[in-house]
Amino acid sequence: MPGLLRGVARTAVVAGTATAVSNRVSRRQAGRWAQQDYEQQQEPAPPAPPAPQSAAPDEMTQRIDQLKQLADLKAQGVLTEEEFESQKRRLLGG
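Just so you know, the residues in each chain are numbered from 1, in the order the chain's sequence is written. Totals for whole chains, interfaces and linings use every residue, but because this is a predicted model, local features are given only for residues with pLDDT of at least 70 and side-chain atom pairs only at 80 or more, for both listing and counting. Each side-chain value is derived from all of the structure's non-hydrogen atoms; neither hydrogens nor water enter the calculation.

What about the environment of Glu85?
Put simply, DSSP marks the helices as runs of H or I at least four residues long and the strands as runs of E at least two long, and each gets a number from the N terminus on. Following the sequence through the fold, Glu85 ends up in helix H3 (residues 81-92). Each C-alpha atom of the pair Glu85 and Lys74 lies 10.0 Å from the other, and the pair is 11 residues apart in sequence.

Structure, rendered in structure tokens:
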């Protein structure tokens, strides 16, 4: 009888440990997935599309505003130097 009890006790300990580990892994994965979802929602919006090539006074004001927005994005680290220069060329038509 003591051998049977020892076997049952061992089985209970193993099953309890497996359940605890499984629950911990599940919680950790859920936390990681929640963090990934949060990070994906925090991605910045793409820069505004460039203005048309002809530049009327209102269009020039819009271009200046867009250049200021691009400069702000670059200062925040959202745009790299290459991305900033590319967008600036598109805005200025060159």
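Following the structure, the description resumes.
Here's the deal with the pattern of salt bridges
Proximity of charged atoms lets side chains of opposite charge pair with each other. Salt-bridge detection follows one rule: a side-chain nitrogen of Lys or Arg within 4 Å of a carboxyl oxygen of Asp or Glu. With the rule as written, the count across this model stands at 2 salt bridges. With a shortest N-O distance of 2.8 Å, Lys74 and Glu81 are connected by a salt bridge. Under the relative-accessibility criterion, Glu81 is labelled partly exposed at 37%. A salt bridge links Lys88 to Glu85; the shortest N-O distance between them is 3.5 Å. One end of the pair is Lys88 and the other is Glu85, both in helix H3 and 3 residues apart, which spans about a single turn. A residue is classified by how much of its surface remains accessible, and Glu85, at 24% relative accessible area, is partly exposed. Exposure categories follow from relative accessible area, calculated using a 1.4 Å probe and restricted to protein chains: below 20% of the type maximum is buried, above 50% is exposed, and the middle band is partly exposed.

Re the side chain of Arg63
In this structure, Arg63 sits in helix H2 (residues 57-76). For Arg63, which is buried and forms no salt bridge, the nearest opposite charge comes from Glu59, at a distance of 5.1 Å. A polar atom in the side chain of Arg63 sits 3.4 Å from the backbone oxygen of Leu91. For this count, His and the chain ends are skipped, Lys and Arg are scored as positive, and Asp and Glu as negative. Any pair of N or O atoms that falls within 3.5 Å is considered a polar contact. Within protein, one atom must be able to donate a hydrogen and the other to accept it, and sequence-neighbouring residues count only if both atoms are side-chain atoms.

Quick look at the packing of aromatic side chains
Paired rings are identified among Phe, Tyr and Trp, the last through its six-membered ring, by centres lying within 6.5 Å, and are further divided according to the angle between planes into stacked (under 30 degrees), edge-to-face (over 60) and tilted (the rest). Counting across every chain of the model gives 0 aromatic pairs. Only Lys NZ and Arg CZ are tested; either one counts as a charge over a ring when it is within 6 Å of the ring centre and within 35 degrees of the ring normal. Over the face of the ring belonging to Phe84 we find Lys74, whose NZ or CZ atom lies 4.9 Å from the ring centre.

A short note on H2
Here a helix's expected span is defined as the number of its residues, less one, multiplied by 1.5 Å. In this model H2 runs 29 Å from its N-terminal to its C-terminal C-alpha over 20 residues, within 8% of the 28 Å that 1.5 Å per residue would give. Listed as buried for H2 are Arg63, Gln66, Leu70 and Leu73. Looking down the long axis of H2, one finds its buried residues gathered within 80° of arc, a one-sided arrangement. Residues Pro57, Asp58, Lys68, Ala75 and Gln76 are exposed on H2 and point more than 90 degrees away from its buried face. Contacts are assigned to residue pairs that have any heavy atoms within 4.5 Å of one another. Elements that come into contact with the buried residues of H2 comprise H3. Summarising the geometry, the arc corresponds to the directions from the helix axis toward the C-beta atoms.

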